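For reference, the chains in residue letters:
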Amino acid sequence: MNPPTDPPALPARDTRALPTGDVHAVVARLAEHPFFAGISREDLARLAEGGALVEFDADRYALRQGGPGETFTLLLEGDVDLEVAGAGPPLVIESLHAGDALGWSWLFPPHRWAFDAHCRTQVRAIALDARHLRALIDADPVLGRELTHRVAELVADRLRHARLQIVSGHAHDHRA
Amino acid sequence: MTIAPDLPLRDPLTARPYVVSTIRQQTHDIVTLDVRPAEAPIAFAPGQFDMVYVYGVGEAAISISSDPATPELLSHTIRAIGWVTRALNDLQPGATIGIRGPYGRGWPLDDAEGRDLVIVAGGIGLAPVRPAIMAALAQRDRFNRIALLVGARSPRDLVFRDDLDRWATNPAIDVHVTVDSAVRGWGGRVGVVTKLIPRVPFDPDGATVLTCGPEAMMWHTADALVKRGVDPNHLYVTLERNMRCALGTCGHCQLGPVFVCRDGPVFAWPEVSGLLEEREL
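Residues numbered from 1 in each chain as written. Chains lettered and ligands numbered in written order. Predicted model: local features only at pLDDT ≥ 70, side-chain atom pairs only at ≥ 80, totals over all residues.

**Here we look at the interface of chain B and chain A**
For clarity, the cut-off: Each residue gets a C-beta atom placed from its backbone, and two residues are in contact if those atoms lie within 7 Å. Runs of H or I in DSSP of at least four residues are treated as helices and runs of E of at least two as strands, each being numbered from the N terminus. Basically, the charged four are Asp, Glu, Lys and Arg, the nonpolar ten are Ala, Val, Leu, Ile, Met, Phe, Trp, Tyr, Cys and Pro, and anything else, Gly included, counts as polar. A pair of strands is labelled paired if DSSP reports no fewer than 2 bridges between them.
Listed per partner, the contact involves 22 residues of chain B and 21 residues of chain A. At the level of secondary structure, the elements contributing two or more residues to the side of chain B that touches chain A comprise β10 (182-183), β11 (189-190) and α4 (215-228) of chain B. Ranked by the residues each element gives to the side of chain B that touches chain A, the list is headed by α4(B), at four residues. The class makeup of the residues in the side of chain B that touches chain A is nine nonpolar, seven polar and six charged. Where strand β6 (residues 91-96) of chain A and β10(B) come together, two bridges link them in antiparallel fashion. Bridging across to β10(B), Leu91(A) finds its partner in Val183(B).

**Focus on the sheet that holds strand β4 (residues 58-63) of chain B**
All names here are of chain B. Where we set the bar: An axis is simply a line fitted to the C-alpha atoms; with a helix, the fit covers only the stretch in contact. Between two such axes, the angle follows the N-to-C directions and lies from 0 to 180 degrees.
With respect to topology, six strands assemble into an open sheet ordered β4-β3-β6-β1-β2-β5, the strand pairing being antiparallel. The strands lining the two open edges of the sheet, one partner per strand, are β4 and β5 (74-79). Averaged over all pairs of adjacent strands, the angle between their axes in this sheet comes to 40°, without regard to strand direction. Pairing geometry for strand β1 (residues 16-27) and strand β2 (residues 30-37), over eight bridges, is antiparallel. Opposite valine 20, over in β2, you have valine 35 as the bridge partner.

**What about the domain arrangement of chain B?**
Residues and elements named next belong to chain B. Using the following cut-off: Domain extents, as shown, originate in an automatic or database domain assignment.
Entries for chain B in the domain assignment read domain 1 (16-103) and domain 2 (109-277). In this structure, domain 1 and domain 2 have C-alpha centres spaced 21 Å apart. Taken residue by residue, the interface counts 19 residues in domain 1 and 20 residues in domain 2. The set of elements that each furnish at least two residues to the side of domain 1 that touches domain 2 consists of β1, β3 (49-54), β4, β5 and β6 (96-103). Of the residues in the side of domain 1 that touches domain 2, the class split is nine nonpolar, eight polar and two charged.

**Overview of unusual backbone geometry**
Test applied: Any residue with 12 or fewer other C-beta atoms within 10 Å of its own C-beta is exposed, any with 20 or more is buried, and the rest are partly exposed; the C-beta atoms used are placed from the backbone.
For the peptide bond that leads from Pro109(A) to Pro110(A), omega is 10°, which places it in the cis range. Mapped onto the elements, Pro110(A) comes out in the loop between β7 (101-102) and β8 (116-119). The phi dihedral of Asp59(A) falls on the positive side, at around 70°, and the residue is not glycine. In this structure Asp59(A) comes out as partly exposed when scored by C-beta crowding, with 17 C-beta atoms within 10 Å. Positive phi, normally seen in glycine, also occurs at Phe160(B), with a value near 55°. Taking the C-beta count within 10 Å as the criterion, Phe160(B) has 22 such neighbours and is therefore assigned buried.

**Observations regarding the nonpolar core**
Across soluble globular proteins, nonpolar side chains show a tendency to be buried alongside one another. Filter applied, for reference: Linking buried Ala, Val, Leu, Ile, Met, Phe, Trp, Tyr and Cys residues through C-beta atoms within 7 Å yields a set, and such a set is a nonpolar core.
Counting 118 residues, the largest nonpolar core has Ala62(A), Ile119(B), Ala132(B), Leu148(B), Val209(B) and Tyr236(B) as the members making the most contacts within it. Here this core spans two domains, and each of domain 1 (16-103) and domain 2 (109-277) of chain B adds at least three residues to it. Those residues in contact with Val209(B) that sit more than four places away from it in its chain are Val118(B), Val120(B), Leu225(B), Val230(B), His234(B), Leu235(B) and Tyr236(B).

**Considerations on the confidence of the model for chain B**
Just so we agree on the cut-off: Summary of the metric used: pLDDT quantifies the predictor's per-residue confidence within the range 0 to 100.
Per-chain confidence: chain B averages 91 in pLDDT, with 95% of residues scoring 70 or above. Predicted complex, confidence summary: ipTM 0.82, pTM 0.87.

**Looking at the confidence of the model for chain A**
For chain A, per-residue confidence averages 86 on the pLDDT scale, and 84% of positions sit at 70 or higher. This stretch, residues 1-12 of chain A, has a pLDDT under 50; its non-local contacts, to residues over four places away or in other chains, come to 13 contacts.

**A word on the sheet that holds β10(B)**
With antiparallel pairing, five strands are arranged side by side in an open sheet as β3(A)-β8(A)-β5(A)-β6(A)-β10(B). A single partner strand is all that each edge strand has here, and the edge strands are β3 (61-63) of chain A together with β10 of chain B. Pairing of strand β5 (residues 80-84) of chain A with β6(A) involves five bridges; the strand directions are antiparallel. Looking at the pairing, Glu83(A) lines up with Val92(A) of β6(A).

Printed below as a string of structure tokens:
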């Protein structure tokens, strides 16, 4: 693997939109993504407005810590590491893979990413327009509740995982 | 439940001499001691444990981590956390230690016959399931899929790296490894071991699961497995308590109505999940 490139100035993301044809291509991929399992085609079409299929090269960043939460990214192919930058090499705290959702900071103020998302491989993803999603959540209580609930599940899962990491580490250090 | 057959004990309170043949450094604070008996070897079942005695220091209960097909070369994998385990970590080849055992109920491999066998290990928890993996691979036709899910705090905390590398290229077993965190460049999965459970291919209706690790990890593992549809009666855990006599008489390892040393250390999840919720226990 080539050495990572220097982080670009915020809020740049190393992304490019792919020729999607039309919104139907985005809806088709959303329908296959586990995060949206069970959502009607009609609602998927509403969610997909302003969205695009995107691609990131390996060793580039899908998101930058502190950058604006403008997109909700659903991974279709490839591996992404959530990283904490520090004095030494970046620390990977979680890897995400096809079928995972990348980040929830787009939903909650101040809408800033908490971590870097570094692409370990070439990545293909769906990037939904976060501003549009937030407006949709406010305008449609039913769909808004469903989407918020799913994001909350994601947050709860990752909180459980973080706590498990803490208590397992505690057991590791103190078991007699 | 079906439990590994009891194996006969000879003089269960008498330690027999064993000579340390090799010491394998697994991590910065974990070693595997390979020992050979000065007397005739004693058979053991996967999941059983020994009382390992450092003369002049004391005894500790340690799971057997070697191949049950070769009882003449016995392995114990030990983290240095107390007087005895530190003394064990400081031994040199040629040293003599005392071992009594094997004790306890082992992994119920018979329960997995004709089913998928899923093994979930956290950290040094790979050591007590390693004999079951070796036994299962030696009798591969008895099982459908065999999947091994391994988690560790970091890449440097992974034990039995050679085995993991070898098994990863063995089509007889499906190996998935993850770590809680890693410096960029690790290349493998990062996240808790329970994250692997929804992704690994196995039939939850027809799976027997063996799991070993910190209790918090086993709780979360059990939750994730049941959520996926695994029958808790086919989910087995091994518990670690303060074993002293190893015969179910002294009571140091008592967990409510059970003695972990005698009735375990391997239990079906429904046998102990309620007991583990009791704060007083």
